[in-house]
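Chain by chain, the residues run as shown.
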Amino acid sequence: MIGCNRKVEQKIAYLGDSITQGIGTPLNSYSHWNSLLSDRLGFKNAYWNLGIGFARANDAASDGVWLDKAKKMDIVTICLGVNDLGRGYTEDEIKSNLEKIVKVLQSNNVRTILFTIPPFDYGEENNKKWRSINSFILNEMSKITETYDVVPIWGKDAP
């Protein structure tokens, strides 16, 4: 982490897995999605990439040190679930963990933006869970937090 001492309008964090961390972008580049977004939002804000390779919603929902970092921010985007699907968590567990993350952050006066789970080759059974969880995010979680559908931007319409 590189820090600086300057006044900023907002502190924004990106909470997620390797997709957020920037895995898959060229070595030593800043072409991952949150770096590009931060650049567009401008110098008036401070940004913290809290993406960790192979992270799961289950990890953040444990409300440990990782989520504690996000609690200190003004705005947090949440992009988790890919690895939860891959590790066999149930649909209800993933939904519950995403909801817990949002509520814990909101109870600390953090504005949250929950992303849908990105498209991936999950396999037939997990594709059903993926669709259901994303529907839950867009239709149910949108009642308590801002949501953003990444599917049309980050991939194809279906895994």
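Relevant structure appears above.
As the structure is a computational prediction, the values presented were derived from the model and not from experiment. (Residues numbered from 1 in each chain as written. Predicted model: local features only at pLDDT ≥ 70, side-chain atom pairs only at ≥ 80, totals over all residues. Heavy atoms only, no water.)

So, on to the overall build of the protein. When helices and strands are tallied, the protein shows eight helices and five strands. Listed by position from the N terminus, the elements making up the protein come as β-α-α-β-α-α-β-α-α-β-α-β-α. For a compact globule of 159 residues, the expected C-alpha radius of gyration is about 15 Å, and the protein comes in at 15 Å, within 12% of that figure. For the protein, the spread of C-alpha atoms along the principal axes amounts to about 50 × 35 × 25 Å. Each of the 159 residues in the protein was classed as buried or not, and the buried ones make up 43%. Of the contacts made within the protein by residues no fewer than 6 positions apart, 77% connect residues no fewer than 24 positions apart. Of the roughly 8,800 Å² of accessible surface on the protein, a fraction of 51% belongs to carbon and sulfur atoms. Side-chain charges in the protein split into 19 positive and 19 negative, and the spacing between the mean points of these groups amounts to 6 Å. (Helix = DSSP H or I, 4+ residues; strand = E, 2+ residues; numbered from the N terminus. Rg over C-alpha atoms; globule rule 2.2 N^0.38 Å. Buried < 20%, exposed > 50% of the residue type's maximum accessible area, 1.4 Å probe, protein only. Contact = heavy atoms within 4.5 Å. Areas by Shrake-Rupley, 256 points an atom, 1.4 Å probe, with all protein chains shown as cover. Lys, Arg positive; Asp, Glu negative; His and termini not counted. Charge placed at Lys NZ, Arg CZ, Asp CG, Glu CD.)

Turning our attention to the pattern of salt bridges. Counted according to the given criterion, the structure contains seven salt bridges. Two residues, aspartate 59 and arginine 56, come together in a salt bridge whose shortest N-O distance is 2.8 Å. Using a relative accessible area of 26% as the deciding quantity, one classes aspartate 59 as partly exposed. Accessibility expressed as a relative area gives 18% for arginine 56, which makes it buried. (Salt bridge = Lys/Arg side-chain N within 4 Å of Asp/Glu carboxyl O.)

Among all positions in helix H2 (residues 33-41), only Trp33, Asn34, Ser35 and Ser38 are buried. Remark: glycine 42 follows H2 within two positions and exhibits a positive phi of approximately 100°.

The next subject is the sheet that holds strand S4 (residues 111-115). The five strands are arranged S2-S1-S3-S4-S5 in an open sheet whose pairing can be described as parallel. Because the sheet does not close on itself, it has two edges, and the strands there are strand S2 (46-51) and strand S5 (146-148). Neighbour-to-neighbour, the strand axes of this sheet turn through a mean angle of 20°, independent of strand direction. The sheet contact formed by strand S1 (residues 11-16) and strand S3 (residues 75-79) spans five bridges and is parallel. (Pairing = 2+ DSSP bridges. Axes fitted to C-alpha atoms, helices over the stretch in contact; angles between N-to-C directions.)

Across the interface, helix H6 (residues 91-107) lies against helix H7 (residues 124-139) with an axial gap of 10 Å and an inter-helix angle of 30°. With respect to H7, the element H6 is oriented roughly parallel. Crossing of H6 against H7: the hand is right-handed. Two secondary-structure elements touch here, H6 through Glu91, Ile94, Lys95, Leu98 and Glu99 and H7 through Lys129, Ser132, Ile133, Phe136 and Ile137. Taken together, the residues that form the contact of H6 with H7 break down as five nonpolar, one polar and four charged. (Parallel < 35°, antiparallel > 145°, perpendicular 65-115°, else oblique. Left-handed = near helix turned anticlockwise from the far one by under 90°. Nonpolar A, V, L, I, M, F, W, Y, C, P; charged D, E, K, R; others polar.)

This brings us to the environment of methionine 141. Of note, methionine 141 is situated in the loop between H7 and S5. Judged by relative accessible area, which is 2%, methionine 141 ranks as buried. Counting along the chain gives 46 residues from methionine 141 to lysine 95, while the straight-line C-alpha distance between them is 9.2 Å. Contacts of methionine 141, omitting those with residues within four sequence positions, involve Leu98, Glu99, Val102, Leu114, Phe136 and Thr147.

As a further point, take the pairing of S3. The buried fraction of S3 is high, at five of five residues. Neither face of S3 is exposed, since Ile75, Thr77 and Cys79 on one face and Val76 and Ile78 on the opposite face are all buried.

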